[in-house]
Amino acid sequence: MHPELSGVAPHSIHGTDQLVQAWCREATDLEARSMAGWSAFVARWMAFNALYNLLNRRSELDRVKLSVDVFLKPEDCADILQNVQAQLAFLNSKPPGDDRYDSADQRYREQSAADLKIACDPSKKPQDRLRALFAVVYLIRCNLVHGNKHPEWSRDRALVQWCSEVLEISLPRMRIC
């Protein structure tokens, strides 16, 4: 077990594992019912959220990034990155904006562009690259949950779909123990 989980009660770990599996099943069921990916993304995020909530000593973004180290093996990070090349290319073609800022503000795409530069750099360690990608997925999640993604805008639909696919590929490889 990872040292970050040393103080977590065994029943919490077991319950979280069951919760993650239930949200993953829900995401698959929602996609089968043609929910356009939005609900599936939210369900997958709920599964991921259950995992990183075990790491309750840090900010939410810190826990999202730390989850790469705690719940994934380095070789899993490399495999995930191999399987999300299309998603990375799409996100990197026009980095998503941070909707806390006006789109004309230089900070709007600044952090996501920096994160995507790391995520797309093959000279970086896979864990560093995946942490950076998860930071971008988290940004899109924040924009969606806080009401800044429009279901009728093709760019927003694509962002949510690509991020849902990143989680779909990553979650099955994440392990609590």
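To start, this report covers the structure provided alongside it. If you're wondering where the values come from, they're calculated on a predicted model, not measured in any experiment.

Structurally, the position occupied by Ala-47 is in helix α2 (residues 38–52). For the pair formed by Ala-47 and Trp-23, sequence separation is 24 residues and the distance between their alpha carbons is 5.1 Å. Among all residues touching Ala-47, those that are not within four sequence positions of it are Val-20, Trp-23, Cys-24 and Leu-171.

This part covers the packing of aromatic side chains. Tallying each qualifying case throughout the model produces seven aromatic pairs. On the numbers, 6.4 Å between centres and 45° between planes, the contact of Phe-41 with Trp-45 is tilted. You can see Phe-41 and its partner Trp-45 sitting in helix α2, four residues apart, about one turn around the helix. Each member of the pair, Phe-41 together with Trp-45, is buried.

Tracing the backbone shows Cys-163 in helix α8 (residues 154–170). C-alpha of Cys-163 to C-alpha of Ala-113: the two residues are 50 residues apart in sequence and 16 Å apart in space. Setting aside chain neighbours within four positions, we find Cys-163 in contact with Phe-41, Val-137 and Ile-140.

Enumeration according to the criterion identifies nine salt bridges in this entry. Taking the shortest distance from any N to any O, the salt bridge between Arg-107 and Asp-105 comes out at 2.7 Å. Owing to a relative accessible area of 23%, Asp-105 belongs among the partly exposed residues under this scheme. One connected set of salt bridges, linked through shared partners, spans Asp-69, Asp-128 and Arg-131.

Here the focus is helix α5 (residues 85–93). Within the span of α5, buried status applies to Gln-87, Leu-88 and Leu-91. The arc that holds every buried residue of α5, seen down its axis, measures 100°, which confines them to one face.

Attention now moves to the nonpolar core. Judged by nonpolar contacts, the single largest core of 46 residues is most densely connected at Trp-45, Phe-48, Phe-71, Leu-130 and Leu-133. Going through the elements one at a time, α1 (10–32), α2, α3 (60–71), α4 (74–83), α5, α6 (110–119), α7 (126–145) and α8 are the ones with two or more residues in this core. Examining the composition of this core, we find that 10 residues originate from one element, α7, more than from any other. The contact partners of Leu-130, leaving out residues within four places of it in the chain, are Val-68, Leu-72, Cys-77, Ile-80 and Leu-81.

Among the residues of α6, Ser-112, Asp-115, Leu-116 and Ala-119 are the ones counted as buried. Here the buried residues of α6 occupy an arc of 100° about the axis, which is enough to place them on one side. Among the structural elements, α4, α5 and α7 are those in contact with the buried residues of α6.

Analysis parameters
- Residues numbered from 1 in each chain as written.
- Predicted model: local features only at pLDDT ≥ 70, side-chain atom pairs only at ≥ 80, totals over all residues.
- Heavy atoms only, no water.
- Helix = DSSP H or I, 4+ residues; strand = E, 2+ residues; numbered from the N terminus.
- Contact = heavy atoms within 4.5 Å.
- Phe/Tyr/Trp six-rings, centres within 6.5 Å; stacked < 30°, edge-to-face > 60°.
- Buried < 20%, exposed > 50% of the residue type's maximum accessible area, 1.4 Å probe, protein only.
- Salt bridge = Lys/Arg side-chain N within 4 Å of Asp/Glu carboxyl O.
- Arc of directions from axis to C-beta.
- Core = buried A, V, L, I, M, F, W, Y, C linked by side-chain atoms within 4.5 Å.

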